[in-house]
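Structure at a glance
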Amino acid sequence: MTEFNGIRDLVPTGVWIDGVAVPASGGRTFPVIDPATGDILAEVADASADDARRALDSACRAQKDWAATAPRQRAVILRRAWEILTERTEELALLMSLEMGKAVAKARGEVAYGGEFLRWFSEEAVRIGGRYADSPAGTGRILVKHEPVGPVLAITPWNFPLAMGTRKIGPALAAGCTVVVKPAEDTPLTMLALAAIFKEAGLPDGMLSVVPASDAASVTAPLMADPRLRKVTFTGFTRVGKILLKQAADNVLRTSMELGGNAPFIVFEDADLDAALAGVMLAKMRNGGEACTAANRIYVHNSIRAEFADRLAEKLAALRVGPGYRPDVDLGPIINAKQRANIVALADDAVAAGAVVRTGGKAIDGPGFFFQPTVLDEVPRTTRMHSEEIFGPVAAVYGFDTEDEVVAAANDTEYGLAAYFFTRDLDRALRVSDALHAGMVGVNRGVISDPAAPFGGVKQSGLGSEGGSEGIGEYLDTKYVAFTR
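The sections below set out a description of the structure shown in this document. (Residues numbered from 1 in each chain as written. Predicted model: local features only at pLDDT ≥ 70, side-chain atom pairs only at ≥ 80, totals over all residues. Heavy atoms only, no water.)

**A look at the sheet that holds strand β5 (residues 131-134)**
In spatial order, the strands read β5-β6-β22; together these 3 strands make up an open sheet with antiparallel pairing. Whereas interior strands pair on both sides, the edge strands pair on one side only; in this sheet they are β5 and β22 (476-484). Taking the axes of each pair of neighbouring strands and ignoring which way they run, one obtains an average angle of 20 degrees across the sheet. Looking at chain direction, strand β6 (residues 140-148) and β22 are connected through 9 bridges and run antiparallel. Directly across from I142, in β22, lies its bridge partner A482. (Pairing = 2+ DSSP bridges. Helix = DSSP H or I, 4+ residues; strand = E, 2+ residues; numbered from the N terminus. Axes fitted to C-alpha atoms, helices over the stretch in contact; angles between N-to-C directions.)

**Here we look at the environment of I304**
With respect to the element layout, I304 can be found in the loop between β13 (295-301) and α11 (305-317). With residues near it in sequence (within four places) discarded, I304 still touches V267, F268, E269 and L273. (Contact = heavy atoms within 4.5 Å.)

**Topic: the sheet that holds β13**
Within a sheet, each strand pairs with its neighbour through backbone hydrogen bonds, oriented either parallel or antiparallel. Across the sheet, which stays open at both edges, the 7 strands sit in the order β14-β17-β18-β13-β12-β19-β20 with mixed pairing between neighbours. Two strands in the sheet have a free side with no partner beyond their single neighbour: β14 (356-359) and β20 (440-443). The sheet shows a mean angle of 20 degrees between the axes of neighbouring strands, direction not considered. Direction of pairing for β14 relative to strand β17 (residues 374-377): antiparallel, over a ladder of 3 bridges.

**Brief notes about the environment of L95**
Tracing the chain through its elements places L95 in helix α4 (residues 89-100). The exposure class of L95 is buried, given its relative accessible area of 0%. (Buried < 20%, exposed > 50% of the residue type's maximum accessible area, 1.4 Å probe, protein only.)

**A word on helix α7 (residues 188-200)**
When the terminal C-alpha atoms of α7 are compared, their 19 Å separation across 13 residues agrees well with the 18 Å that a helix rising 1.5 Å per residue should span. Across the 13 residues that make up α7, a large majority, 10, are buried. Three or more residues of α7 are buried, namely P188, L189, T190, M191, L192, A193, L194, A195, I197 and F198. In the stretch just after α7, G202 is the one whose phi turns positive, near 105 degrees. (Expected span 1.5 Å × (residues − 1).)

**Describing the nonpolar core**
Here is a general trend for soluble globular proteins: nonpolar side chains tend to be buried in one another's company. Among the nonpolar cores identified, the biggest contains 69 residues, and F4, I169, L173, L189 and F198 are the most heavily contacted of them. Examining the composition of this core, we find that 8 residues originate from one element, α7, more than from any other. Excluding residues that lie within four positions of it along the chain, I169 makes contacts with V179, V181, M191, L194, F198 and L208. Core analysis: the next-biggest nonpolar cluster, separate from the first, contains 34 residues, A184, A396, F400 and A419 among them. (Core = buried A, V, L, I, M, F, W, Y, C linked by side-chain atoms within 4.5 Å.)

**Remarks on the pairing of strand β19 (residues 418-422)**
Burial within β19 is extensive, with 5 of its 5 residues counted as buried. Residues A418, Y420 and F422 point to one face of β19 and A419 and F421 to the other, with burial holding for every one of them. Bridge count between strand β12 (residues 263-267) and β19: 3 bridges; the pairing is parallel. Looking across to β19, one finds that V267 is bridged to F422. As paired elements, β19 and β20 share 4 bridges and run parallel to each other. In the sheet register, A418 faces β20, and the bridge partner there is M440. Crossover connection from β19 via helix α15 (residues 426-435) to parallel β20: handedness right-handed. (Right-handed = clockwise from strand over helix to strand, strands pointing away.)

**Here we look at the side chain of S97**
Along the polypeptide, S97 turns up in helix α4. Owing to a relative accessible area of 1%, S97 belongs among the buried residues under this scheme. Once residues within four sequence positions are removed from consideration, S97 is found in contact with K102, A103, V104, G324 and Y325.

**Section: empty space enclosed by the protein**
Under the definition given, this model contains 7 cavities of 30 Å³ or more. Lining of the largest cavity is provided by 14 residues; of these, F160, M164, R167, C292 and F455 occupy positions nearest its centre. Residue composition of the lining of the largest cavity, grouped by class: 7 nonpolar, 4 polar and 3 charged. (1 Å grid on protein atoms, 1.4 Å probe; cavity = no way out; pocket = protein on both sides within 12 Å on 5 of 7 lines; lining within 4 Å. Points joined across faces, edges and corners; volume = space filled by probe spheres on them. Nonpolar A, V, L, I, M, F, W, Y, C, P; charged D, E, K, R; others polar.)

**Notes on the pairing of strand β18 (residues 394-400)**
Remember that side chains alternate between the two faces of the sheet whenever the strand is regular. Of all 7 residues in β18, 6 are buried; the element is thus mostly enclosed. Looking at chain direction, β13 and β18 are connected through 4 bridges and run parallel. The partner of I298 across the bridge, within β18, is V397. By the bridge criterion, 3 bridges tie β17 to β18 in an arrangement that is parallel. In the sheet register, L376 faces β18, and the bridge partner there is A396.

Note that every value here comes from positions in space, so none of it alone points to a role or purpose.
What follows is the structure in structure tokens.
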């Protein structure tokens, strides 16, 4: 493919260990597919359990030296990585668009967003604190310090292949931890390109390894069973997170889990309708709907629901669909055939139950894996779509009559990652933000992710926080040292 050939030199395709890309043991590879065409972009090394162990060996050898590296030096490397990443915005945006389908303009946004985690945690690296105090009983002195947890396994998803990497690698390196990354099999190229950027930024060999693999469990399970690993951080489906949590129990690993979502988006009768429509376009259509924070259940007060659904349908129908790397495209393809089939099944189930199709509703014939921008109105709450993540460009609209009713409906889910609502009533804004069971709440805004804020959920949406001042703490152990007076 011509587009990929232009950036091929940016992307290693081997297993990244000790600062170089090497073939997988046995020479195995797997293809990376362009979801817009079904064509093969590249063949990437298919890591085995032996390759994963070699990566962990490298991380363990490097751990002591990296933990002893001055925080300022760690900060300098992270900031330099941010600078290089920013300089390579166009190449990285094109690479992401090719391997996972997002519109290239949105991919540029991910480069900026992902880069900010490197800049933020370069600043946090020199602010790892502690405390010193007299014992209240007068019997001694209390010294509390924070130390790196040790080697980290980071498992990243396909939907934000750069930002989910920097959001994990940034705080881990800032804290003094070495990292082994298992990228999603659909999108390993961006992570391999990021590894090369870190090397160029001056990161010593062994501090970061990347083990792409077509069978995730074949490389993660041996690492999870190795007592030298001390931390696992994962972004992905809840069912996979539960497996990892069970595996983590054997060696009592520190865990960070950013899991599934089923975000409600509530539009109250007093909302600014123009602002709410702009907000839902951001909350629903960010990354083409392939985001764990995406507005999954759009609750609109029945007094304005019909108008809202009609206007939303106009906006989605106007989106231009095609390969994300074309400059005139607003919405790229779904990541793969399996995910598109799931979207089709959810939409068909809703329509069969009585949902009204305002626009779209169907898969688009190939090549590639496209689905029409879709608005479904009057969706029954008994449908699969109400309880399962859509992860695609389908806006499901539900009506409601009272505040208590909609808050109860919004909370009626096993998930609790993100929630959004629009109102002009300050008392209601405070009241509803308190009542929603979610780790993150957007009030009159459709995008809430911010490198300076903690990102994480409650209930089955996960454990721990990424980003913000809280993010680096996920990679630090607390040590108490007792002194006599």
